[in-house]
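Structural overview for review
If you want the building blocks of each chain, they are given just below.
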Amino acid sequence: MSTAQPVPFLKGHGTENDFVIVPDPDGALALDAAAVRRLCDRRAGVGGDGLLRVVRSAAHPEARETAGDAEWFMDYRNADGSIAEMCGNGVRVFARYLHRAGLVPPGDLVVATRAGLRRVHLAKDAPTGAFGALAAGPVTVGMGRAALPEGDVTVTVGDRSRPARHVGMGNPHAVVFVDDLAHAGRLLDPPLVTPATAYPDGVNVEFVVDRGPRHVALRVHERGSGETRSCGTGACAVMVAAARRDGADPAADGAPVTYTVDVPGGRLVITERPDGEIEMTGPAVIVAEGVLDPAWLAG
Ligand SMILES: N[C@@H](CCC[C@H](N)C(=O)O)C(=O)O
């Protein structure tokens, strides 16, 4: 990327899935994969599981057509610089940033993502922070509908192979039910997922245990980021896979179903409605802001 000016940034997280936030309203920054990797580097950079570039939809070629419905586009990148369609924790943090920056009022807003439009609700009566903006409090996101492609998928970690459920949440997921989250091992390397043709663009893998009635816990290995402390789209994929396994299908039952999904970095509450829409509620926190040295960023 090239710029002579200091570049503002913020750091935030949602259930400890952490992000570098780069406001770029006019789409002026050419933020390439190398710059994203530098920013997300936990030792030599700011550090994050991913990066949220905040761009006006009208200023981004992938979002221009949706500018009438959503003023802002979430340009999400994984820590390795790759592009992803959607980030569930990220979109809550993105909305928190927009409000903190005075770009949207609390209440409802629509954010454009590569997976389509996402409706976000920022609670109006949440606690106020030092800058007079909503500092905390839950954020609810309409995450769209899950896709449940047919076909068997297998996930292998070490010498152990297990069946998995393929769930699409705008991005790809393989959900594996296990007896003990420790059995997933250290998850330093991406689990092997077969057949490879099921996921031509890679996959996020969630390992899930039961905690109680309609209450599960997960660990996740994210495509492009490694093991993270949370994944919002992954939690939604897990919720749907757990509901079907438990015999709950809101479209057939005519009643919503809600699961609590614990992640290493906190808790998400997820509801699937009879029309198939999935709503996720969880925290979104901005922890710092500053400026980047343009010379460092240029590499
Ligand atoms: N952590 C995110 C998902 C980020 C994208 C993912 N790694 C992918 O490549 O699909 C979330 O909260 O959903």
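Within an unreviewed UniProt entry, the label attached to the protein chain reads Diaminopimelate epimerase, and the organism entered is Streptomyces hazeniae. In UniProt, the protein chain has this text filed under Sequence similarities (unreviewed entry): "Belongs to the diaminopimelate epimerase family."

1. Overview of the site of the ligand
Taken together, 15 residues are adjacent to the ligand, and Asn17, Gly88, Arg223, Gly232 and Thr233 come closest. The separation between a nitrogen atom of the ligand and a polar side-chain atom of Asn17 is 2.7 Å. Between the ligand and Asn171, the relevant distance is 2.9 Å, taken from an oxygen atom to a side-chain nitrogen or oxygen of the residue. Calculation on the ligand without its partners gives an accessible area of 360 Å², and the protein chains cover 100% of this total. Applying the majority rule of atoms within 2 Å of the grid points places the ligand in the largest cavity. For the shell around the ligand, the secondary-structure elements that each account for two or more residues are strand S4 (72–78), helix H2 (88–100) and helix H3 (232–245). Among the residues making up the shell around the ligand, the classes are represented as five nonpolar, eight polar and two charged. For the shell around the ligand, the domains that each give at least three residues are domain 1 (7–143 + 284–297) and domain 2 (153–276).

2. Digging into the UniProt feature "active site" (unreviewed entry) in the protein chain
Taking the UniProt record as the reference, the feature "active site" (unreviewed entry) is found at Cys87 and Cys231. Spatially, the listed residues are clustered: although they cover 145 residues, their C-alpha atoms lie within 7.6 Å of one another. As for the annotated residues named above, the ones lining the largest cavity are Cys87 and Cys231. Residue placement: Cys87 occurs in the loop between S4 and H2. In this view, Cys87 contacts Asn17, Phe19, Met74, Tyr76 and Thr233; residues no more than four positions away in its chain are not counted.

3. Re the domain arrangement of the protein chain
Entries for the protein chain in the domain assignment read domain 1 (7–143 + 284–297) and domain 2 (153–276). Using C-alpha coordinates to define each centre, domain 1 is positioned 24 Å away from domain 2. Each side of the interface is counted separately: domain 1 has 20 residues, and domain 2 has 21 residues. Summing both sides of the interface, domain 1 and domain 2 together bury roughly 1300 Å²; the carbon and sulfur share of this comes to 46%. The largest per-residue losses of area from domain 1 upon contact with domain 2 belong to Thr15, Glu16 and Met143, which jointly make up 37% of the total buried on that side. The interface formed by domain 1 and domain 2 includes two salt bridges. Across the pair Glu85 and Arg223 runs a salt bridge, and its minimum N-O distance is 2.8 Å.

4. Looking at empty space enclosed by the protein
For the coordinates displayed, the defined rule picks out one cavity of 30 Å³ or more. Taken as a whole, the largest cavity holds about 80 Å³ of empty space. In this structure, the largest cavity is lined by 14 residues; those nearest its centre are Met86, Asn171, Glu222, Cys231 and Thr233. Of the residues that constitute the lining of the largest cavity, the class distribution is five nonpolar, seven polar and two charged. Both domains that furnish three or more residues to the lining of the largest cavity are identified here as domain 1 (7–143 + 284–297) and domain 2 (153–276).

Reading guide: rules and limits
Residues numbered from 1 in each chain as written. Predicted model: local features only at pLDDT ≥ 70, side-chain atom pairs only at ≥ 80, totals over all residues. Heavy atoms only, no water. UniProt positions renumbered as here; feature names shortened; annotations may be inferred. Near = heavy atom within 4 Å. Polar contact = N/O pair within 3.5 Å; in protein donor to acceptor, adjacent residues only side chain to side chain. Areas by Shrake-Rupley, 256 points an atom, 1.4 Å probe, with all protein chains shown as cover. 1 Å grid on protein atoms, 1.4 Å probe; cavity = no way out; pocket = protein on both sides within 12 Å on 5 of 7 lines; lining within 4 Å. Sits in = over half its atoms within 2 Å of the grid points. Helix = DSSP H or I, 4+ residues; strand = E, 2+ residues; numbered from the N terminus. Nonpolar A, V, L, I, M, F, W, Y, C, P; charged D, E, K, R; others polar. Domains from an automatic or database assignment. Contact = heavy atoms within 4.5 Å. Buried area = accessible area lost by both parts, 1.4 Å probe. Salt bridge = Lys/Arg side-chain N within 4 Å of Asp/Glu carboxyl O. Points joined across faces, edges and corners; volume = space filled by probe spheres on them.

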